[in-house]
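Tertiary structure, described
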Amino acid sequence: FTPLPAAPLLGPLFRITPNGRCAALLTPPPTAMEASPPLKEDTSNLFFRAKRGWVWNQMFVLEEFSGPDPILVGRLHTDLDVGGKSIKYILAGEGAGTIFAINELTGDIHAMKRLDREEKAEYTLTAQVINAETDEPLEPPSEFIIKVQDINDNPPQFVQAPYQASVPEMSAVGTPVTRVTATDADDPVYGNSAKLVYSILEGQPYFSIDPNSGKRCSVQGMDREMREEYLVVIQAKDMGGHMGGLSGTTTVTITLTDINDNPPKFSKNLYEFVIPEDLPIGKMGGKVKANDRDTGENSKSTYGIVEGDDQGVFEIITDSQTQEGILQLKKPLDYESKRAYNLKVEATNVRSEPGSGPFKDTATVKITVEDSDEPPVFSKPIYQLEVNENAPINTIIGTVTARDPDSTGSQVRYFIDRHTDLERQFNINVDDGKITLAKLLDRETDMWHNITVTATEVRNHSQISRAIVAIRVMDINDNAPEFATEYEAFLCENGKPGQVIQTVSAVDKDDPIQGHYFNYRLVPEMLNNPNFTIKNNQDNSISVLAKHDTFRRQKQEMYFLPIIVTDNGHPPMSSTNTLTIRVCGCSKDGIVQSCNVEAYVLPIGLSMGALIAILACIVLLLVIVVLFVTLRRHKNEPLIIKDDEDVRENIIRYDDEGGGEEDTEAFDIATLQNPDGINGYLPRKDIKPDLQFMPRAGQHSGPNGVDVDEFINVRLHEADNDPTAPPYDSIQIYGYEGRGSIAGSLSSLETTSSDSDQNYDYLREWGPRFRRLGELYSVGESDRET
């Protein structure tokens, strides 16, 4: 094939450059006449072989277009196309038959659709000449390329639009802000269709942009406090920015970030506050505020007092939420000592920029102290007093003092809070605050007494203050020592002389400073005791020892050993305590087995418990038999009622005859009615004993008569140890009335004095059992005043 000249169809061969010069784009293809003679191998981009008559490596150039009509791309021609020979041109390859079409007769190639270089820049096609009748190829296929030439048909585009950027305020000129980039789909290597130039349409004179790189910079002196946000419009234009080029725009929102370039500023130079002198510590007395035009951490400030508070009465703290300075008290105010304060308060930024400042401001705070009616003030918050437990009533224990701190100086009266002194053991003088003893004290009962004393202004009773008075009761030696417990010692019959029967120790309710030391000794009448002796263990205890080994239960079952215990107090106190020693039967190893003398009188092989069980069974059987017989007799002998008698006049007959004098045989009432008239032993009359014991000597009455309690206990002991007594309980009548009381009558019915004249102070001397009764009837001097 040889291409035919088609100058208008081969596309433009020349272009006007931006500088106005004309430049050749392609080498003109040869004409048909120039294709006949042989050519050199490297003449141009098109090479021909005249003998074979086909084109090798042929290229067609066609501009992209968008018109509706087909456009001629080029014309193919073969040497075989001479006069009347039946040939046909066919086309194959990329876009053949759809985008590109060939005239089978003439070889003209047309573009049938829109060509877009941005979609496809080159098409590779194959042309061939065949016999129109037989479709046999007349020449080998020849490949050629159709190149789509770019035109400026795509404007620049900002892919990442819109843009957000920030820059610190007050930045220097030329400080980079951000970079914007536009893209152009045109060919960047062909002409200037993709050469972009940037410019700012809106946003000057604050910002500038590099026309080639799109790097945007700022100018100096931009203040966030004046304007915080800027909207900049950026344009990108192709063709190097010349006329006829296409353009695209985008917006950039630029925010100025804050720096600490503004110091705090108080809203006013002088603050005045009036604070009452009774304002509690830690409570707010006023607020100050320093405003800062900066934001965030740059606007935070701290407050402090730099002058005028030498005694440290005030402090100022920062409210983290409102950034206010809270003025509050560290020490109480006193109107009488100082009535006004002039403080210098400073506000300082938490953060500061290097090399700038000062970021602080000061203001004056004038404080006026307002007088308040304050309660009395005690000289001490807690008083500690001491008093001996044997101190008499009305003893002055101590004095509390309070004063009115106000300038008027009201008088003060003192009182005891009776909720802290329920037993009213103390009184206080309402005028001078002297505390006195109202009742006797006992250290062993209460060692400390904590009472509350109140002080009240005479002028204003609502102003009350309180103080704690701790009264310590000092010990005196007023308690005699006594045994630590009720000892009961056991002595074996087969014990050895000198064996320790019991170790005895004593206790004392007193608490001497030098400690306890007890002295033990036998009562004088027991000093030559043939049976027992004591030994000091040098540890405030003694050991009781047996002197011989001839103790027998048949001879004496129980011994009583009186021991005198004396302490080392001033004056010394002593008491007599009796140690009970029982003689017991023991095994060979010294283990106690039996301590009762009844074991010798009971039948051999029969214990006391077994005997009681047998007697209980016998009594139970007798009771059952008696009940059975009684029920049978009542059933067989019903009440006889005559039919003709009136029901209201029925007579019930009881045929059971009383026992007569036998019913009173068991008890001797005369003995109880006159206990002084008999000292001997009278046996029981209700049961005849099998074994008779020797009568025991009765208790002798003292010079003042018989002690009823001792009399009854003796009779009870005799009844419990009487082996002839029945196993059941029997009624015993004690008709003894007793003798007159040595204390006299407690009744006030026969007295002629009234309650106001009657003095009941003697009730306090009767001991602890009458203490409560004495408190109800006795009224102290302070109570009458109250």
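Here the residue numbering is sequential within each chain, running from 1 through the sequence in written order. At least 70 in pLDDT is required for a residue's local features to be given in this predicted model, at least 80 for side-chain atom pairs to be given and counted, and no such filter applies to totals for whole chains, interfaces and linings, which use all residues. Side-chain descriptors were evaluated using all non-hydrogen atoms of the structure, hydrogens and water having been removed beforehand.

**Remarks on the overall build of the protein**
In terms of regular secondary structure, the protein is built from five helices and 44 strands. Within the protein, buried positions represent 33% of all 786 residues. For the protein, the proportion of contacts with a sequence separation of at least 24, taken over those separated by at least 6, is 65%. Each accessible area is a Shrake-Rupley result for a 1.4 Å probe, and residues are judged covered by the shown protein chains and nothing else. By element, 52% of the accessible surface of the protein is carried by carbon and sulfur atoms, the whole surface being about 49,600 Å². Where helices and strands are cited, they refer to DSSP runs of H or I of at least four residues and of E of at least two residues respectively, numbered from the N terminus. Here's how the labels work: a residue is buried when its accessible area is under 20% of the maximum for its type, exposed when over 50%, partly exposed in between, all with a 1.4 Å probe on protein chains only. Residues are treated as being in contact if the distance between any of their heavy atoms lies within 4.5 Å.

**A look at the sheet that holds strand 38 (residues 500–507)**
Any two strands are treated as partners once DSSP identifies two or more bridges connecting them. Taken in spatial order, the four strands make up an open sheet running 36-38-41-40, and their pairing is antiparallel. Edge positions in the sheet fall to strand 36 (482–483) and strand 40 (532–536), since each has one partner strand and no second. Relative to strand 38, strand 36 runs antiparallel, the two sharing two bridges. The residue bridging Glu 482 from the neighbouring strand is Val 507, located in strand 38.

**Looking at the pattern of salt bridges**
Salt bridges are counted wherever a side-chain nitrogen of Lys or Arg sits within 4 Å of a carboxyl oxygen of Asp or Glu. Under the definition given, this model contains 17 salt bridges. The closest approach of N and O atoms between Arg 224 and Glu 225, which form a salt bridge, is 2.8 Å. We note a salt bridge from Arg 582 to Glu 557, for which the minimum N-O separation is 3.3 Å. Within this pair, whereas Arg 582 is found in strand 43 (residues 574–586), its partner Glu 557 is found in the loop between strand 41 (541–546) and strand 42 (558–566), the two being separated by 25 residues in sequence. Taking relative accessible area as the criterion, Arg 582 reaches 16% and is therefore assigned buried.

**A word on a nonpolar patch on the surface**
Patch membership requires more than 30% relative accessible area and the absence of a salt bridge. Residues of like charge join within 9 Å; the nonpolar side chains Val, Leu, Ile, Met, Phe, Trp and Tyr join within 5 Å. A surface patch of nonpolar side chains, amounting to about 340 Å² of accessible area, comprises Ile 614, Leu 615, Ile 618 and Leu 622. Relative to the helices and strands, Ile 614 is located in helix 1 (residues 608–636). The exposure class of Ile 614 is partly exposed, given its relative accessible area of 43%.

**Focus on the sheet that holds strand 33 (residues 434–437)**
Reading across from one edge, 29-33-32 is the order of the three strands in this open sheet, with antiparallel pairing throughout. Where the open sheet ends on each side, the last strands, each with one partner, are strand 29 (396–399) and strand 32 (426–428). Neighbouring strand axes in the sheet, compared pairwise and without regard to direction, differ in orientation by 25° on average. Sheet topology places strand 29 next to strand 33; three bridges connect them, and they run antiparallel. Residue pairing across strands places Ile 396 opposite Thr 436, the latter belonging to strand 33. In this analysis, axes come from line fits to C-alpha atoms, helices being fitted only over the stretch in contact, and the angle between any two N-to-C directions falls in the range 0 to 180 degrees.

**Considering helix 3 (residues 708–720)**
One turn of an α-helix holds 3.6 residues; hence residues three or four places apart share an orientation. To estimate how far a helix should reach, multiply one less than its number of residues by 1.5 Å. Its 13 residues give helix 3 an end-to-end C-alpha distance of 18 Å, which sits within 8% of 18 Å, the value for a rise of 1.5 Å per residue. Among all positions of helix 3, only Phe 711, Val 714 and Glu 718 are buried. Buried residues of helix 3, viewed axially, fall in a sector of 65°; they line one side. Facing away from the buried side of helix 3 by over 90 degrees, the exposed positions are Asp 709 and Asp 720. Arc definition: directions from the helix axis to the C-beta atoms.

**Regarding the side chain of Asn 577**
Position of Asn 577 relative to the elements: it lies in strand 43. Within polar-contact distance, the side chain of Asn 577 engages the backbone nitrogen of Phe 483 at 3.5 Å. Side chain to side chain, Asn 577 and Ser 575 meet in a polar contact 3.2 Å long. Contacts described as polar in this section are N or O atom pairs within 3.5 Å, which, within protein, must combine one atom able to donate a hydrogen with one able to accept it, while residues neighboring in sequence count only if both atoms come from side chains.

**Examining unusual backbone geometry**
Along the chain, Ala 161 connects to Pro 162 via a cis peptide bond; the corresponding omega equals -5°. Between His 570 and Pro 571 the backbone carries a cis peptide bond, its omega angle lying at -5°. Here Pro 571 shows up in the loop between strand 42 and strand 43. In the Ramachandran plot, Met 239 falls in the positive-phi region, its phi being about 55° despite a non-glycine side chain. Its location among the elements puts Met 239 in the loop between strand 17 (229–237) and strand 18 (247–257). Backbone geometry places Gln 538, a non-glycine residue, at a positive phi of 60°. As for its position among the elements, Gln 538 is in the loop between strand 40 and strand 41. With relative accessibility at 65%, the residue Gln 538 sits in the exposed group.

**Some thoughts on the state of the cysteines**
What is meant by a disulfide is a covalent connection between two cysteines, made through their sulfur atoms. Pairs of cysteine sulfur atoms within 2.5 Å are identified as disulfides in what follows. In the structure shown here, the tally under the stated rule is two disulfides. Covalently, Cys 492 is tied to Cys 586 through a disulfide, its sulfur atoms 2.0 Å apart. Note on the Cys 492 and Cys 586 pair: the S-S dihedral is about -85°, so by sign convention the disulfide is left-handed. Of the two residues, Cys 492 sits in strand 37 (residues 488–492) while Cys 586 sits in strand 43, which places them 94 residues apart along the sequence. Of the two residues examined, Cys 492 and Cys 586, each falls in the buried class. Linked covalently through their sulfurs, Cys 584 and Cys 595 form a disulfide whose S-S length is 1.8 Å. The S-S bond linking Cys 584 to Cys 595 shows a torsion near 105°; that makes this disulfide right-handed. Highlighted residues: Cys 584 in strand 43 and Cys 595 in the loop between strand 44 (592–594) and helix 1, separated in sequence by eleven residues. Since its relative accessible area comes to 12%, Cys 595 is described here as buried. Here the protein pairs its bonded cysteines, counted in sequence order, in the arrangement 1-3, 2-4.

**Regarding the packing of aromatic side chains**
When the centres of two rings from Phe, Tyr and Trp lie within 6.5 Å, Trp using its six-membered ring, the rings pair. Their planes under 30 degrees apart give stacked, over 60 give edge-to-face, and anything left gives tilted. The final tally for this structure, using the stated rule, is 13 aromatic pairs. Plain terms: the ring middles of Phe 158 and Tyr 198 are 6.3 Å apart, the flat faces sit at 55° to each other, and that makes the pair tilted. Taken together, the residues Phe 158 in the loop between strand 11 (142–149) and strand 12 (163–168) and Tyr 198 in strand 14 (residues 197–202) connect sequence positions 40 residues apart. Both residues of the pair, Phe 158 and Tyr 198, belong to the buried class.

**Section: the confidence of the model for the protein**
Summary of the metric used: pLDDT quantifies the predictor's per-residue confidence within the range 0 to 100. On average, residues of the protein score 76 in pLDDT, and 73% of them are at 70 or above. Strand 32 holds the highest mean pLDDT among the elements of the protein, 95, whereas strand 3 (residues 47–49) holds the lowest, 29. Low pLDDT (under 50) marks residues 599–605, which in the prediction has nine contacts with non-local residues, meaning those over four places away or in another chain.

**A closer look at the environment of Lys 344**
As for its placement among the helices and strands, Lys 344 is situated in strand 25 (residues 340–349). The exposure class assigned to Lys 344 is partly exposed, which follows from its relative accessible area of 30%. Expressed as a C-alpha distance, the spacing of Lys 344 and Val 365, which sit 21 residues apart in the sequence, is 6.2 Å. Sequence-distant contacts of Lys 344, that is, excluding residues within four places in its chain, are made with Gly 304, Ile 305, Val 306, Glu 307, Thr 362 and Ala 363.

**Observations regarding the side chain of Arg 582**
At 3.3 Å, the side chain of Arg 582 and the side chain of Glu 557 are in polar contact. The residues touching Arg 582, leaving out its near neighbours within four places in the chain, are Glu 488, Ala 489, Phe 490, Leu 491, Glu 557, Met 558, Cys 595 and Asn 596.

**Points about the environment of Glu 94**
Relative to the helices and strands, Glu 94 resides in the loop between strand 7 (87–93) and strand 8 (100–102). Sequence separation between Glu 94 and Thr 126 is 32 residues; the distance between their C-alpha atoms is 8.8 Å. Sequence-distant contacts of Glu 94, that is, excluding residues within four places in its chain, are made with Phe 100, Lys 120, Glu 122, Tyr 123, Thr 124 and Leu 125. Within polar-contact distance, the side chain of Glu 94 engages the backbone nitrogen of Thr 124 at 3.0 Å.

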